[in-house]
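Tertiary structure, described
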Amino acid sequence: MRLLIVEDEKRLALSLAKGLTAEGYAVDVVHDGREGLHRAGEGTYDLVVLDIMLPGMNGYRVCAALRAAGHEVPILMLTAKDGEYDEAEGLDTGADDYLTKPFSYVVLVARIKALLRRRPGAGASPVRVLGDLRVDTAARRVFLAGEEVTLTAREFAVLEQLVLRPGEVVSKGEILEHVWDFAYEGDPNIVEVYVSALRRKLRADLIRTVRGAGYRLEAGR
């Protein structure tokens, strides 16, 4: 899943990004309301963590503008304010949840996971089974022929992009977009490195390369 953090407190934003990346999310960070609106408006994010007090455009206006444009991305608002009025104002502009600073990182992650589960289509079972491959996207566990396979967070994220679209071709660009952040300027062939690692840990015939198009997860035996 790809998350956008719009937060002008740079140390907090980078700390959150580091923690959420370790959780297996692809995370982008911006520190200005207008840039946050531009990024979120591109429609490539699964959730936005949005501070209220921002330079350029405050979080209320960013949220309202996104909803007015028809964007339904889940929005978790952050603020240093405290009070029922502030919470009501945030929710009235279209936010899905509200968290007051200072907050527990564990609570933040729990709120994010809860919002992601509530997305349209997210009510389906988090466990995907393809032949002898079983992937629990909620618990982030993978089993092959009944044996658990240990993957790194990034390996799991790549596999997740394939398992959510079984039988479909997923391009290298789509995987890069959802697993690495927008600031990634390294070799795009990094995707091939992780696909190769997955083939070694799982089974070579599970992930088929479609030349010039991308990768397709095949049904296991």
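Up top is the structure these notes are about.
The following refers to the structure shown. (Residues numbered from 1 in each chain as written. Predicted model: local features only at pLDDT ≥ 70, side-chain atom pairs only at ≥ 80, totals over all residues. Heavy atoms only, no water.)

**Thoughts on the overall build of the protein**
Per the secondary structure count, the protein includes 8 helices and 12 strands. Looking at the protein as a whole, 45% of its 221 residues are labelled buried. Summarising the internal contacts of the protein: among those between residues at least 6 apart in sequence, 56% fall at separations of at least 24. Per element, the accessible surface of the protein, about 11000 Å² overall, is 51% carbon and sulfur. (Helix = DSSP H or I, 4+ residues; strand = E, 2+ residues; numbered from the N terminus. Buried < 20%, exposed > 50% of the residue type's maximum accessible area, 1.4 Å probe, protein only. Contact = heavy atoms within 4.5 Å. Areas by Shrake-Rupley, 256 points an atom, 1.4 Å probe, with all protein chains shown as cover.)

**Comments concerning the sheet that holds strand S6 (residues 127-130)**
Within a sheet, each strand pairs with its neighbour through backbone hydrogen bonds, oriented either parallel or antiparallel. What the 4 strands build is an open sheet, ordered S6-S7-S8-S9; its pairing is antiparallel. Of all the strands in the sheet, the pair left with one neighbour each is S6 and strand S9 (147-149). For this sheet, the mean angle separating the axes of adjacent strands, direction not counted, is 25 degrees. The sheet contacts of helix H6 (residues 153-163) involve S6, strand S7 (133-136) and strand S8 (141-144), and relative to S7 the element is tilted by about 110 degrees. (Pairing = 2+ DSSP bridges. Axes fitted to C-alpha atoms, helices over the stretch in contact; angles between N-to-C directions.)

**Considering the sheet that holds strand S3 (residues 47-51)**
If you trace the 5 strands from one edge of the open sheet to the other, you get S2-S1-S3-S4-S5, paired in parallel fashion. The open sheet has two free edges, formed respectively by strand S2 (26-30) and strand S5 (97-100), since each of these has just one partner strand. Strand-to-strand, the axes of this sheet are offset by a mean angle of 20 degrees, without reference to chain direction. Across 4 bridges, strand S1 (residues 2-6) lies against S3 in parallel orientation. Across the sheet, residue leucine 4 finds its bridge partner in S3, namely valine 48. Sheet strands touched by helix H3 (residues 59-68): S3 and strand S4 (75-79). Its angle to S4, the strand with the most contacts, is close to 170 degrees.

**A closer look at the packing of H6 against helix H7 (residues 172-179)**
H7 packs onto H6 with a crossing angle of 130 degrees between their chain directions and a minimal axis gap of 10 Å. Taken as axis vectors, H6 and H7 run oblique relative to one another. Considering the relative orientation of H6 and H7, their crossing is right-handed. Contacts between H6 and H7 involve Arg154, Ala157, Val158, Gln161 and Leu162 from the former and Ile175, His178 and Val179 from the latter. A class-by-class count of the residues in the contact of H6 with H7 yields 5 nonpolar, 2 polar and 1 charged. (Parallel < 35°, antiparallel > 145°, perpendicular 65-115°, else oblique. Left-handed = near helix turned anticlockwise from the far one by under 90°. Nonpolar A, V, L, I, M, F, W, Y, C, P; charged D, E, K, R; others polar.)

**What to know about the pattern of salt bridges**
Inspection of every chain in the model, using the stated rule, returns 16 salt bridges. Note that arginine 39 and glutamate 35 form a salt bridge whose closest N and O atoms lie 3.0 Å from each other. In this pair, arginine 39 and glutamate 35 are both assigned in helix H2 (residues 33-41), 4 residues apart and thus about one turn of the helix distant. Relative accessible area serves as the criterion here: at 30%, glutamate 35 is assigned to the partly exposed category. A salt bridge links arginine 67 to aspartate 96; the shortest N-O distance between them is 2.8 Å. Of the two residues, arginine 67 is situated in helix H3 and aspartate 96 in the loop between helix H4 (84-92) and S5; the sequence distance between them amounts to 29 residues. Since its relative accessible area comes to 22%, arginine 67 is described here as partly exposed. (Salt bridge = Lys/Arg side-chain N within 4 Å of Asp/Glu carboxyl O.)

**Here we look at the side chain of glutamate 218**
Mapped onto the elements of the fold, glutamate 218 is located in the segment after strand S12 (214-217). For glutamate 218, the side chain forms a polar contact with the side chain of arginine 216, separated by 3.2 Å. Aside from chain neighbours lying at most four places away, what touches glutamate 218 is Asp205, Leu206 and Arg208. (Polar contact = N/O pair within 3.5 Å; in protein donor to acceptor, adjacent residues only side chain to side chain.)

So, to be careful, I would describe these as geometric facts and stop short of saying anything about function.
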